[in-house]
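Residue-level listing of the chains:
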Amino acid sequence: MMNTADLIEAFAKHRGDAIVISGRGGRHWIRQSDTALDIPLGDPAMGGHAGFGLGLALAQPNKRVVLFDSEGDILMSLGQLPTIAEQAPANFYHFVLDNEVYATTGGQPVPGSKIVDYAGIARSSGYPRAMSFSELDEFTAALPGIFAAPGPVFVSCKVYPEVENTPIGQRVRWRKKSAAQVVADLRGALGAG
Amino acid sequence: MTAANSLSPETVMAQMKANGVTDIVWLPDSETNFLYLLMSSDPDLRLVGVTREGHAMSIAAGLFAGGRKPMILIQNTGMLESGDSIRGWLMGLDVPVVMLVGYRGYTRHGVITDTVAHYTERFLMAFDIPFYLVENDDDADRIAIAFKQAEQTRKPVVVLVGDEFHGFNR
């Protein structure tokens, strides 16, 4: 198991000029970078981050798009994986933070959390590259190779859960902008706004 | 039924092109086969097929965020399934997108042949999503109106394709 903060810090060294959809790693990524190319959307509707990443990667083929998804999101929308594989965006790097629980609702177990092989599902869905990591040193060592070859690539990462039991209304809000403003700022930075 | 009172796929395609659509995010329904043949033969139009209609919403949002102009093509059954994704990914992110929605079960007589038609307009009103009904080629200008309204409001607008005329089939 890895700490998400450590994983995010290791990735940051390889970010380059990529667009980063920070997803379930958002509260950690915002400490690393907070520009118009950093896309903290919160949770618009669970299960959709992979689709958003696909759309953005297709729209911006000359920029790497990195997404930090979760296994709960993946399970909600497994059918997005064949769509991503069929479209095959070479600039899409799909990381999954697998903490085996629904952390934001109190840590209840995700169905199949101990038995599902997410990288195997991605591979069977047509991702040309899919891999799994549970140790930080192995993950860190693999990062240059992950970004050296074209995507779409699926990288499943076992992480410790960061369980939240505080009522939602009392939680610390780390996001500085609305999701709509994040998208508007991105479009402005890309010259599309 | 005659060609004059049907909605031709060429008319729908012409509206897509005239309004600058770059990508179609879609899941086939029974009325759209010939439209599919037209779309897939257009080298300037990217088709992104989904396996569940709700997936189309976040994909369209990502395409828009990256500067493209997507259109969503689904059936009303899938639209009902997609409620939370429409709310979160389209309305929440201010995505100005037109959704062309097959109106399964609709008849102009008011005699509903499928329960999904009973709930379709009620669903759209509950979500406060503007919609236009298109039944034949004479209605096609409503598609352009939908595009304009989406741009002005920065929200999704629905075009319901009346099912009775089976205009996409031949």
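Further up the page is the structure itself.
Residues numbered from 1 in each chain as written. Chains lettered and ligands numbered in written order. Predicted model: local features only at pLDDT ≥ 70, side-chain atom pairs only at ≥ 80, totals over all residues. Heavy atoms only, no water.

## Here's the deal with the side chain of Asp139(B)
All names here are of chain B.
No. 1: In this fold, Asp139 is placed in the loop between strand 5 (131-134) and helix 7 (141-153).
No. 2: Polar contacts involving the side chain of Asp139 include one to the main-chain amide nitrogen of Glu135, which spans 2.8 Å.
No. 3: Not counting residues up to four positions away in its chain, the partners in contact with Asp139 are Leu133 and Val134. (Helix = DSSP H or I, 4+ residues; strand = E, 2+ residues; numbered from the N terminus. Polar contact = N/O pair within 3.5 Å; in protein donor to acceptor, adjacent residues only side chain to side chain. Contact = heavy atoms within 4.5 Å.)

## Here's the deal with helix 6 (residues 118-125) of chain A
Residues and elements named next belong to chain A.
No. 1: Taken together, the buried positions of helix 6 are occupied by Tyr118, Ala119, Gly120 and Ala122.
No. 2: Residues of helix 6 that are buried sit in contact with helix 4 (71-76), helix 5 (80-87), strand 4 (92-98), strand 7 (129-133) and strand 8 (153-158).
No. 3: Between a side-chain oxygen at the N-terminus of helix 6 and the backbone nitrogen of Ala119 the separation is 3.4 Å; the capping residue is Asp117. (Buried < 20%, exposed > 50% of the residue type's maximum accessible area, 1.4 Å probe, protein only.)

## As for the pairing of strand 1 (residues 23-26) of chain B
Residue and element names in this part refer to chain B.
No. 1: Neither face of strand 1 is open: one carries Asp23 and Val25, the other Ile24 and Trp26, and all of them are buried.
No. 2: By the bridge criterion, 4 bridges tie strand 1 to strand 2 (residues 46-49) in an arrangement that is parallel. If you follow Trp26 over to strand 2, its bridge partner there is Gly49.
No. 3: Across 4 bridges, the pairing between strand 1 and strand 3 (residues 70-75) is parallel. Bridge assignment links Val25 to a residue of strand 3, and that residue is Ile72. (Pairing = 2+ DSSP bridges.)

## Some thoughts on the nonpolar core
No. 1: By size, the foremost hydrophobic cluster in this structure holds 65 residues, and its most contacted members are Phe52(A), Phe154(A) and Met99(B).
No. 2: Per-element tally for this core: the top contributor is helix 3 (residues 53-65) of chain B, with 8 residues.
No. 3: For Phe52(A), the residues in contact, after removing those within four places along its chain, are Ile21(A), Ile39(A), Leu41(A), Val183(A), Ser58(B), Ile59(B), Ala61(B), Gly62(B), Ala65(B), Trp89(B) and Leu93(B). (Core = buried A, V, L, I, M, F, W, Y, C linked by side-chain atoms within 4.5 Å.)

## Focus on the packing of helix 1 (residues 4-12) of chain A against helix 7 (residues 136-148) of chain A
All names here are of chain A.
No. 1: The interhelical angle for the contact between helix 1 and helix 7, taken along N-to-C directions, is 30°, at an axis separation of 10 Å. Accordingly, the angle class assigned to the pair helix 1 and helix 7 is roughly parallel. Handedness of the helix 1/helix 7 crossing: right-handed. For the pair helix 1 and helix 7, the contacting residues are Asp6, Leu7, Ala10 and Phe11 in the first and Leu136, Phe139, Thr140, Leu143 and Phe147 in the second.
No. 2: Of the residues in the contact of helix 1 with helix 7, the class split is 7 nonpolar, 1 polar and 1 charged. (Axes fitted to C-alpha atoms, helices over the stretch in contact; angles between N-to-C directions. Parallel < 35°, antiparallel > 145°, perpendicular 65-115°, else oblique. Left-handed = near helix turned anticlockwise from the far one by under 90°. Nonpolar A, V, L, I, M, F, W, Y, C, P; charged D, E, K, R; others polar.)

## Looking at the pattern of salt bridges
Residues and elements named next belong to chain A.
No. 1: Here the structure, examined in full by the defined rule, presents 22 salt bridges over all chains.
No. 2: A salt bridge links Asp38 to Arg15; the nearest nitrogen and oxygen atoms lie 2.9 Å apart. Of this pair, Asp38 sits in strand 2 (residues 38-39) while Arg15 sits in the loop between helix 1 and strand 1 (19-21); the two residues are 23 residues apart in sequence, bridging distant segments of the chain. The residues Asp38 and Arg15 share a single accessibility class, namely buried.
No. 3: Within the structure, one salt-bridge network assembled from shared partners comprises Asp98, Glu100, Lys114 and Lys158. (Salt bridge = Lys/Arg side-chain N within 4 Å of Asp/Glu carboxyl O.)

## Regarding the interface of chain A and chain B
No. 1: At the junction of the two partners, chain A supplies 25 residues and chain B supplies 26 residues.
No. 2: Taking both sides of the interface into account, the surface hidden between chain A and chain B amounts to around 2000 Å²; carbon and sulfur atoms contribute 63%.
No. 3: Ranking the residues of chain A by area buried against chain B places Pro44(A), Phe52(A) and Arg187(A) at the top, with a combined share of 25%.
No. 4: Remark: the boundary between chain A and chain B carries 0 salt bridges.
No. 5: The tally of links between chain A and chain B comes to 10 residue pairs in polar contact (both at pLDDT 80 or more).
No. 6: When contributions to the side of chain A that touches chain B are tallied by element, the ones reaching two or more residues are helix 3 (49-59), helix 5 and helix 8 (179-190) of chain A.
No. 7: Residues that form the side of chain A that touches chain B fall into these classes: 14 nonpolar, 10 polar and 1 charged. (Buried area = accessible area lost by both parts, 1.4 Å probe.)

## Considering the sheet that holds strand 4 of chain A
All names here are of chain A.
No. 1: If you trace the 6 strands from one edge of the open sheet to the other, you get 2-1-3-4-8-7, paired in parallel fashion. Looking at which strands have only one partner, the edges of the open sheet turn out to be strand 2 and strand 7.
No. 2: Here strand 1 pairs with strand 2 via 2 bridges, running parallel. Counted as the bridge partner of Ile21 is Ile39 from strand 2.
No. 3: Each of strand 4, strand 7 and strand 8 touches helix 6; the most contacted strand, strand 7, lies at about 180° to it.
No. 4: Contacts from helix 7 reach strand 3 (65-70), strand 4, strand 7 and strand 8, with the element oriented near 165° to strand 7.

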